[in-house]
Each structure stands twice: as structure tokens, then as C-alpha cells.
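The residues making up each chain are set out below.
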Amino acid sequence: MKGCHDAVSGEPKDPPTRPMRRRTANPALLKGFRAWACAEGGEALARHADRVFTVELAGSDYDVEVRTDCTSRSQAKNFAGAFVDWWDGDDGRGVARSVLVLDAHNRRIAVQPL
């Protein structure tokens, strides 16, 4: 996780401590997040999310990446906070470690623990 946080903090880059095994699109998570955001009055927030991926790490741990149209780190941090509110701690199988907010070019612009 340190490598992920360094990537958005401007600090020297370190490789992630957990190797990535596979990155998979997860349209069900995108649909669930959008439905929640709309129900909470956040239609604009729902529109920010473009795609959701689960990223398998070592063991049964995983990260969640959300590609957005966010253009600033502050906007991405607000989005990440809302995503964490929606997540509610139900990881299902395995443990979700972090949500990583990506811009339209798949660059990481915010990271927040789940």
C-alpha cells in the first residue's frame, strides 16, 4: 500500500508491498455504487465513475480501482470518501484493502483505505 500512497503524494516512489495478480472489470460494483449515489442524492457523483476494477493482490486480498472523470486530487479524494461510505465494510470473500481513484487516463490520483 505504501507504493500506492506514494504515487499520489509526490513522495519518492516505492513499489507496492503486495504484488498484483490480476485486474478485472467489475460492472456489478459500478452499478451498485451508482444506484447508491443516486439514492443519496448524488447523481453528479454517480456520473463521475466510469469503470470499476478489482485488483487481486497476494492471498485473498484485493484493491478496488475506480476510473473517473475527476481532474483534481481534491475532487478525487472527495469521490474516494463517498465510495468508502458506500462500501460499508462488506468485503465478501477476501479483504478489500484500498480504493484507488483513477483519472480518465488510468493514472492514480487518490488512494483511501477501505
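The rules behind the values
- Residues numbered from 1 in each chain as written.
- Predicted model: local features only at pLDDT ≥ 70, side-chain atom pairs only at ≥ 80, totals over all residues.
- Heavy atoms only, no water.
- Helix = DSSP H or I, 4+ residues; strand = E, 2+ residues; numbered from the N terminus.
- Contact = heavy atoms within 4.5 Å.
- Pairing = 2+ DSSP bridges.
- Axes fitted to C-alpha atoms, helices over the stretch in contact; angles between N-to-C directions.
- Expected span 1.5 Å × (residues − 1).
- Buried < 20%, exposed > 50% of the residue type's maximum accessible area, 1.4 Å probe, protein only.
- Arc of directions from axis to C-beta.
- Phe/Tyr/Trp six-rings, centres within 6.5 Å; stacked < 30°, edge-to-face > 60°.
- Lys NZ or Arg CZ within 6 Å of the ring centre and 35° of its normal.

K.L.:
It is not clear to me how the side chain of His 48 should be interpreted in this structure. Could you clarify?
P.N.:
Looking at where His 48 falls in the secondary structure, it is placed in helix 3 (residues 43-48). Once you skip the residues sitting within four places of it in the chain, His 48 turns out to touch Arg 67, Thr 68, Asp 69, Cys 70, Gln 75 and Phe 79.

K.L.:
Would you take a moment to explain the sheet that holds strand 2 (residues 49-56) for this structure?
P.N.:
Backbone hydrogen bonds are what pair the strands of a sheet, in a parallel or an antiparallel way. Taken in spatial order, the five strands make up an open sheet running 1-2-3-4-5, and their pairing is mixed. Every other strand in the sheet has two partners, leaving strand 1 (22-25) and strand 5 (108-113) as the edge strands with one partner each. Shown here is a sheet whose adjacent strand axes are inclined to one another by a mean of 25°, direction ignored. Contacting strand 1 and strand 2, helix 2 (residues 27-39) crosses the sheet at an angle of about 130° to strand 2. Relative to the sheet, helix 4 (residues 73-87) contacts strand 2, strand 3 (61-68), strand 4 (95-102) and strand 5, its axis offset from that of strand 5 by approximately 35°.

K.L.:
Even after reading the chapter, I still don't get helix 2, so can you show me in this structure?
P.N.:
An α-helix turns once every 3.6 residues. As a result, residues three or four positions apart point the same way. When the terminal C-alpha atoms of helix 2 are compared, their 18 Å separation across 13 residues agrees well with the 18 Å that a helix rising 1.5 Å per residue should span. Turning to helix 2, its buried residues number three or more, namely Leu 29, Leu 30, Phe 33 and Ala 37. Considered in projection along helix 2, the buried side chains sweep an arc of 100° and stay on one side of the axis. In this structure, helix 2 carries Pro 27, Ala 28, Lys 31 and Ala 39 as exposed residues pointing more than 90 degrees from its buried face. Buried residues in helix 2 make contact with helix 3, strand 2 and helix 4. At the exit of helix 2 stands Gly 41, carrying a positive phi of roughly 85°.

K.L.:
Help me understand the environment of Arg 21 in this model?
P.N.:
Its place among the elements puts Arg 21 in the loop between helix 1 (2-9) and strand 1. Here Arg 21 falls in the exposed class, since its relative accessible area comes to 53%. Considering only alpha carbons, one finds Arg 21 and Tyr 62, 41 residues apart in sequence, at a separation of 9.4 Å. Those residues in contact with Arg 21 that lie beyond four places of it in its chain are Glu 56, Leu 57 and Gly 59.

K.L.:
Can you help me understand the pairing of strand 5 in this one?
P.N.:
Here is the key point about a regular strand: its side chains alternate between the two faces of the sheet. Judged from the five bridges that link them, strand 4 and strand 5 form a sheet pairing that is antiparallel. By the bridge assignment for strand 5, Leu 100 is matched with Val 111. In this structure, the hairpin formed by strand 4 and strand 5 is closed by a connection of five residues, where Asn 106 is found at a positive phi of approximately 65°.

K.L.:
Any chance you could explain the packing of aromatic side chains here in plain terms?
P.N.:
Pairs of aromatic rings are described using the distance from one ring centre to the other and the angle between the two planes. In the structure shown here, the tally under the stated rule is seven aromatic pairs. Considering the side-chain rings of Phe 33 and Phe 83, the 5.2 Å spacing of their centres and the 40° angle between planes classify their relative orientation as tilted. With a gap of 50 residues between them, Phe 33 in helix 2 and Phe 83 in helix 4 connect regions that are remote in the sequence. Each member of the pair, Phe 33 together with Phe 83, is buried. Consider the rings of Trp 86 and Trp 87, whose centres lie 5.8 Å apart with planes at 75°: the pair is edge-to-face. Looking at Trp 86, the relative accessible area reads 17%, which means it is buried. Grouping aromatic residues by their ring pairs yields a cluster made of Phe 33, Trp 36, Phe 79, Phe 83, Trp 86 and Trp 87. Between Arg 23 and the ring centre of Phe 53, over which it is positioned, the NZ or CZ distance is 3.7 Å.

From the geometry alone we can't say anything about function, so treat these as descriptive.
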